[in-house]
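# Report on the structure
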Amino acid sequence: MPGWIESFFLKKPYIYDFDDAFYLKYNKGKYKFLKPFLGSKFKKIIKNAALVSAGNKNLANFAMKYNENVIILPSVVDTKIYQAQETAPNNVFTLGWIGSPSTAIYLDQLKRPLSLLGKKIPIRLLVIGAEAPVIDNIYVESIPWSLKDEVELINQFDVGLMPLIDDEWSRGKCAYKLIQCMACGVCVIASPVGSNTDVVNDKCGLLAESDDDWYDAILMLSQNPN
């Protein structure tokens with residue numbers, strides 16, 4: 001509903017918390033036709049909030065344009081649940097990705113480097129929560145997401161992947177999937193976009209931008225399992 005209607009019902013002081021660039025929803029993409037009615041709703045809700053809690057610095061910078069009371073509250077996981085598990089070593093070097101059908105488009109960035117790598121080393125790609133793309137020269141497997149199996153599946157990864165497109169929406173993401181992998185002791189490779197650059201360092205993973213970066217990073221980790 002329009003922001004002025006939401007504001008009418010928000011009579012008590014409220015905290016607005018967000019961890020994605022939702023303010024783009026009605027200004028770009030398939031819902032852009034609703035911009036005249038809903039395009040400014042998030043600005044109004046942010047402006048009138050007693051406090052705004054943003055998931056990363058990019059989101060916080062947007063919120064600060066409309067409200068002085070902004071804090072950054074990063075995404076976290078329960079480390080009593082997300083832990084490394086004893087698993088049998090993989091027979092094939094296994095890469096893993098978790099997401100949804102709407103974010104599976106990011107995997108297209110990996111088709112070329114993975115296909116080239118598949119000519120050099122055996123590779124398995126586990127895609128959790130979406131239909132896996134067809135990639136020549138490697139074994140790709142799609143697995144439905146479930147909360148019950150998520151930690152067990154992450155622990156099957158040798159390396160977790162988080163490719164992103166460098167755009168406004170991706171810069172609003174809070175690296176949650178990387179944090180899940182790292183909490184389970186799984187090394188990661190990620191695009192240098194948004195919060196990915198805040199959570200990935202040389203103690204836990206690598207950042208990769210070009211096809212050559214992804215190729216080199218995956219090959220290096222495959223050759224250095226320790």
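Below: a short report on this structure. (Residues numbered from 1 in each chain as written. Predicted model: local features only at pLDDT ≥ 70, side-chain atom pairs only at ≥ 80, totals over all residues. Heavy atoms only, no water.)

Side-chain alternation along strand 7 (residues 159-162) places V159 and L161 on one buried face and G160 and M162 on a second face that is also buried. With two bridges joining them, strand 4 (residues 93-98) and strand 7 adopt parallel strand pairing. Along strand 7, the bridge assignment pairs G96 with G160. Judged from the four bridges that link them, strand 7 and strand 8 (residues 187-190) form a sheet pairing that is parallel. Bridge assignment links G160 to a residue of strand 8, and that residue is V188. (Buried < 20%, exposed > 50% of the residue type's maximum accessible area, 1.4 Å probe, protein only. Helix = DSSP H or I, 4+ residues; strand = E, 2+ residues; numbered from the N terminus. Pairing = 2+ DSSP bridges.)

Here the focus is the sheet that holds strand 1 (residues 15-18). The parallel open sheet is built from three strands, whose spatial order is 1-2-3. Edge strands, defined here as strands with exactly one partner in the open sheet, are strand 1 and strand 3 (70-72). Sheet twist, expressed as the average angle between the axes of neighbouring strands with direction ignored, equals 20°. Inspection of the sheet shows strand 2 (residues 51-54) paired to strand 3 by three bridges, in the parallel sense. Each bridged residue has a counterpart across the sheet, and for V52 the counterpart in strand 3 is V70. (Axes fitted to C-alpha atoms, helices over the stretch in contact; angles between N-to-C directions.)

For the rest of this paragraph, the subject is the environment of M1. Looking at the secondary structure, you find M1 in the segment before helix 1 (3-9). Take M1: its relative accessible area is 54%, and that puts it in the exposed class. Considered as a pair, M1 and K41 are 40 residues apart in the sequence and their alpha carbons are 8.4 Å apart. What M1 contacts, discounting residues up to four positions off in sequence, is E6, L38 and K41. (Contact = heavy atoms within 4.5 Å.)

Quick look at a positive patch on the surface now. A cluster of basic residues, K32, K35, K43 and K65, forms a positive patch on the protein surface. Mapping K32 onto the fold places it in the loop between strand 1 and helix 2 (35-38). Given a relative accessible area of 48%, K32 falls into the partly exposed group. (Patch = residues over 30% accessible without salt bridge, like charges linked within 9 Å, V, L, I, M, F, W, Y side chains within 5 Å. Areas by Shrake-Rupley, 256 points an atom, 1.4 Å probe, with all protein chains shown as cover. Salt bridge = Lys/Arg side-chain N within 4 Å of Asp/Glu carboxyl O. Lys, Arg positive; Asp, Glu negative; His and termini not counted. Charge placed at Lys NZ, Arg CZ, Asp CG, Glu CD.)

What follows covers the pattern of salt bridges. Counted under the stated rule, the structure contains eight salt bridges. In this structure, K57 and D198 form a salt bridge, with 3.4 Å as the shortest nitrogen-oxygen distance. Of this pair, K57 sits in helix 4 (residues 57-63) while D198 sits in helix 9 (residues 196-199), and the two are 141 residues apart along the sequence. A relative accessible area of 43% places K57 in the partly exposed class.

The next point concerns the environment of N224. Relative to the assigned elements, N224 resides in the segment after helix 10 (211-223). A relative accessible area of 43% places N224 in the partly exposed class. In terms of polar contacts, N224 uses its side chain to reach the backbone carbonyl oxygen of M220, at 2.7 Å. (Polar contact = N/O pair within 3.5 Å; in protein donor to acceptor, adjacent residues only side chain to side chain.)

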